[in-house]
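Survey of secondary and tertiary structure
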Amino acid sequence: MTPDAKRRAVHLIRDKLNLSERRACDIVGVARRVVRYEPVRSDDGTLRQRLRELATERRRFGYRRLGYLLAREGLAPNHKKLLRIYREEGLKVRRRGGRKRALGTRAPMTVPQEPNQRWSLDFVSDAFVCGRRFRILAVFDDFSRECLALVADTSLSGARVARELTALLGERGKPLLIVSDNGTELTSVAILRWSQERQVEWHYIAPGKPTQNAFVESFNGRLRDECLNETLFTSLAHARTVLAAWRHDYNTVRPHSQLGGRTPAQIAGQRGPGHAPDHVAIPSTVKHEPKDSTSER
């Protein structure tokens, strides 16, 4: 029996049999000082209140990531206490259901050793409140875990992807390798011509093997869970504004467990927490290049 159970048993015996505390303790086999003990644990009101506020603001963050944010504010309880309070406050993140995925042989991915060694590209789809769908091109640095670009539009052709990558090269420099799936936009003549002219090596993962592009796939999950599923987009301009703000927060504020609680900006050494949101990519006023037969999905 636990001390708390023995304590309750002593109180029950005294109430039912009208015995003294000494006699009841002898029957149960517990010391009187254990029965008289009163816990002195503080209620941690400040910690609980701030934890609830952060959990309300960051609804898809678990207790570990919330602990990183608390540590930045000078509240740094040990992980056991943090987990206990997190559970007592009922802040557990509910898992969203998803489709079943086939299990197969998995091989560990090689990790780049510095920024700009490898970029990953992928598309994410969503819809406005009116039902019209739009797409988002995500460009991700696999070393620093930094989101380099989120380009939102109702149509993203291979020529448009090439123009956005050209603008990104002017800001960030040329990567050694770009990894993507075999979507028609990314296998179009415009992309093949772009990679040859810029002398950037392009690697296509095996069809049906998204785990070969796991870094950006994991990022897409965070993007959908923490931003897309939490926002009702009314227009393309609204979507671009929200994505720009979320990308700035992701790169400079949001702690990453794989980076030891640091941010991608700290790893990349390029920007600090006070950096303003980056410019949202919008359609260029330059005349569009002629579309080829494989540049549109």
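What this report covers is the structure whose coordinates are included nearby. (Residues numbered from 1 in each chain as written. Predicted model: local features only at pLDDT ≥ 70, side-chain atom pairs only at ≥ 80, totals over all residues. Heavy atoms only, no water.)

Once that is clear, we can look at the overall build of the protein. Assigned secondary structure in the protein consists of 11 helices and five strands. When the 297 residues of the protein are sorted by exposure, 42% land in the buried category. Long-range pairs, those at least 24 residues apart, make up 62% of the contacts in the protein with a sequence separation of at least 6. On the protein, roughly 17,700 Å² of surface is accessible, and the fraction owed to carbon and sulfur atoms is 51%. (Helix = DSSP H or I, 4+ residues; strand = E, 2+ residues; numbered from the N terminus. Buried < 20%, exposed > 50% of the residue type's maximum accessible area, 1.4 Å probe, protein only. Contact = heavy atoms within 4.5 Å. Areas by Shrake-Rupley, 256 points an atom, 1.4 Å probe, with all protein chains shown as cover.)

Turning to the environment of Thr-154, a few remarks are in order. Inspection of the secondary structure assignment puts Thr-154 in the loop between β3 (146-153) and α7 (158-172). In sequence terms Thr-154 and Ala-127 are 27 residues apart; their C-alpha atoms lie 9.5 Å from each other. Residues within four places of Thr-154 in sequence aside, it is in contact with Phe-128, Arg-132, Arg-133 and Phe-134.

Attention now moves to the pattern of salt bridges. Across all of its chains, the model carries 22 salt bridges by this definition. A salt bridge links Arg-50 to Glu-73, with the nearest nitrogen and oxygen atoms 2.7 Å apart. Separated by 23 residues along the polypeptide, Arg-50 in helix α4 (residues 45-57) and Glu-73 in the loop between α5 (63-72) and α6 (79-88) bring together distant segments of the chain. One salt-bridge network, held together by shared partners, links Arg-48, Arg-52, Arg-84, Glu-88 and Glu-89. (Salt bridge = Lys/Arg side-chain N within 4 Å of Asp/Glu carboxyl O.)

The next point concerns the sheet that holds β3. The strands making up a sheet are joined through hydrogen bonds of the backbone, oriented either antiparallel or parallel. Sheet architecture is open: five strands sit in the order β3-β2-β1-β4-β5, paired in mixed fashion. Every interior strand has two partners, whereas the edge strands, β3 and β5 (201-204), have only one. Along the sheet, successive strands turn relative to each other by an average axial angle of 25°, direction set aside. Sheet topology places strand β1 (residues 118-127) next to strand β2 (residues 133-141); nine bridges connect them, and they run antiparallel. Bridging from a neighbouring strand, Val-124 pairs with Ile-136 of β2. The strands that helix α8 (residues 189-198) touches are β4 (177-180) and β5; relative to β5, the one it contacts most, it runs at about 140°. Set on the sheet, helix α9 (residues 214-226) makes contact with β1, β2 and β3; between it and β1 the angle comes to about 35°. (Pairing = 2+ DSSP bridges. Axes fitted to C-alpha atoms, helices over the stretch in contact; angles between N-to-C directions.)

Turning next to α8. Quick reminder: α-helices carry 3.6 residues per turn. Residues three or four places apart thus point the same way. Among the residues making up α8, those that are buried are Ala-190, Ile-191, Trp-194 and Ser-195. Viewed end-on, α8 has its buried residues packed into an arc of 130°, placing them on one side of the element. Facing away from the buried side of α8 by over 90 degrees, the exposed positions are Gln-196 and Glu-197. Against α7, β4 and β5 lie the buried residues of α8. One or two positions beyond α8, positive phi appears at Gln-199, with a value near 55°. (Arc of directions from axis to C-beta.)

Everything listed is a geometric property; what it means functionally is a separate question.
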